[in-house]
Amino acid sequence: MNLAWRDIRHRLGRFLGISLGLSLLFTVVLAMAGIYQGLVEDATSLARAMRADLWLVQRDTYGPFADSSRIDPTVEWRAAAVPGVTGARAYTYQVLQRSQGKGQARFALVGLAWPEDRGQGLHLVAGRELAQAHGEMVVDVSLGIGVGEQLQLAEEPYTVVGLTRGVLTTGGDPAAFMTIADAQLVLLDTAPDAVQAERVRRQERFRSAELGHAQPVLADLLVDPRWKPPVLATPSVHAVLVNVDTPEHLAAVRKIIASWPDVSVFSQSEQEDLLVLGVVEKARMQLGMFAVILVLTSSVVFAVILYNMTMDKTHTIAMLRLIGSPARRIVGMVVQQAWLLGLLAYALAVGIGMFAFPHFPRRVVMTDGIQWAGLGLVMLVSTLSSVLGIRYAMNVDAGKVLEG
Amino acid sequence: MEAARAIGIRKSFGSGDTEVQALRGVDLTLETGKMVALLGPSGAGKSTLIKALGLVSLPQQGSILMRGKAVVADGRAQADLAELRRHYLGFVFQKANLVPFLTARQNVEIAAEIGGAPAPRRRALELLESLGLSHRADAWPDTLSGGEQQRVAIARALANHPTLILADEPTAALDRERGRSVMELLRQVAREHGAAVLVVTHDQRALDVFDSLYNMEDGQIVAEPVA
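Residues numbered from 1 in each chain as written. Chains lettered and ligands numbered in written order. Predicted model: local features only at pLDDT ≥ 70, side-chain atom pairs only at ≥ 80, totals over all residues. Heavy atoms only, no water.

All names here are of chain B. Here 5 strands make up an open sheet; going across it, the order is β2-β1-β4-β5-β6 and the pairing antiparallel. The open sheet has two edge strands with one neighbour each: β2 (20-31) and β6 (76-77). In this structure, strand β1 (residues 2-13) lies alongside β2, joined through 9 bridges in antiparallel fashion. Looking at β2, one finds that glutamate 2 is bridged to glutamate 31. (Pairing = 2+ DSSP bridges. Helix = DSSP H or I, 4+ residues; strand = E, 2+ residues; numbered from the N terminus.)

Let's shift gears to the packing of aromatic side chains. All names here are of chain A. Counted according to the given criterion, the structure contains 6 aromatic pairs over all chains. The interplanar angle of 40° and the centroid separation of 5.9 Å between the aromatic rings of tyrosine 62 and phenylalanine 266 together place this pair among those described as tilted. Of this pair, tyrosine 62 sits in the loop between β1 (54-58) and α3 (74-80) while phenylalanine 266 sits in strand β10 (residues 263-267), and the two are 204 residues apart along the sequence. On the accessibility criterion, tyrosine 62 (47% relative accessible area) is partly exposed. Here the guanidinium or amino end of arginine 78 rests over the ring plane of tryptophan 260, the centre of that ring lying 4.7 Å away. (Phe/Tyr/Trp six-rings, centres within 6.5 Å; stacked < 30°, edge-to-face > 60°. Buried < 20%, exposed > 50% of the residue type's maximum accessible area, 1.4 Å probe, protein only. Lys NZ or Arg CZ within 6 Å of the ring centre and 35° of its normal.)

Time to look at the packing of helix α4 (residues 120-130) of chain B against helix α5 (residues 146-158) of chain B. All names here are of chain B. Contact geometry for α4 and α5: axes closest at 9 Å, N-to-C directions at 135°. With respect to α5, the axis of α4 lies oblique. For α4 against α5, the interelement crossing comes out right-handed. Together, Arg123, Leu127 and Leu128 of α4 and Val152, Ala155 and Leu158 of α5 make up the contact between the two elements. (Axes fitted to C-alpha atoms, helices over the stretch in contact; angles between N-to-C directions. Parallel < 35°, antiparallel > 145°, perpendicular 65-115°, else oblique. Left-handed = near helix turned anticlockwise from the far one by under 90°. Contact = heavy atoms within 4.5 Å.)

Next up, the structure:
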């Protein structure tokens, strides 16, 4: 006869109430783990979305997500010429905050090397990739702008043509993709007078160059900042992304590029590790320590609950001991109740989490690993917490029953 | 036939000036199928004797035999006490002490299960039927009357085929009629189940149902059994 189950069934309401209370604690523990996982996934999602084999960044910096990496755009052509390289693309990255409707929109503006990179590597959940060099963008759904809607940036409208999901910055802000030329227009957004002055300066510099003397008519093209005359300096980019034909060539390509004096090279996984370790490490430790405190708190609360539940059964335990019940039956009753309580509370916590976590401002990612580890932890905590109850039960004097 | 015997059992509490001699060399023999009353004022040592015979609190000196076999020799248990209790003893108390989350049948069944009955459920139903409680088998303890609870407690005490049933003030919480009915039931089970029954009681109204009466005072049995 299973005494644990019969006791629970007899006082089901109380048991469910206790389980619900415990489940709220477990929900917070799960949330901590899920927020941490979300941080890691958010931190790496943007880098992963670019599907590069190598990241070329400014020498002795860690790349656009960690530093203000600036490299000459010609690195793109140099990299493309390395044997084994199938593609090299310039890349810019900048976090912006702009007015959007009545509120503020904060997002990372990623520049793609048009026309080689139109965002075809992005996993789109709606719409299409970029189809023209100017005025289009792909954004993450979390920005809250749908396909066909427009965002006003640097005095110009940009139409959303595609949506990604879960492509975010380490800060949890959504990413927006447009051509590098457009991105630089937005990043270098200056007042019209200043633009005009710079345009005049560019024309003067161009005319004073040999090309300007030979073909003065080309100076008219300088009104379009996307036209880059070879005699003028072009704005730097933040990184160059390189893809290699086969994994076997990766090391050789890397060795060649690493010998260049102006760039540092990171593999895709190294760039992801840098993001996790460099950008979210402190948040990870903070969450980790908070989670440890919560687990300890849950254990103490759990132990006290079990102790009280066992104390409530003092007379029953004394009775069982008096009629000669083996210790294992009494221990079994306490441990089984601990397990049932832990399992029910955990199931409720997972249920509450599934309902509540999507409404959290930061992404809470509940992987199978987290859920299995959580279950294991709950079973461990249940077992350890029952020790207090078992100790009490084993010290109950059978003679207590005779005392009335 | 001898069911249980206490030989020269002594028990004291405290030490030095505060030492209290609760049992001063008690000798007692209990026969199979007989019901014996243990009378005496409070503090006479009745509960201490019940605890000693119930193998709950062992005497410091003396021996206890069950069916002729020494289970306590010179104050030392000869086997695991819990095992001895489930093998030889049944208990009935002032309050029924039923497990609140088990039905009447389950309260008896758990005792039968612990006592090693091959078919505990059947054993429980048989006992409840023999005590006229089969119609209340699925009732929860808090829905049973005081008399019904005591009858379930008696069924539970019988579940392991005990050699000795120890009953401590089993009628104290019952009215006269129900109290007498419980005493008669105990005598009936002593006869039918072949157990010795030792009842500690202050209830003078049902002494006629006992086979023998012992009187205790100052840790000793001072009066010979009255048949």
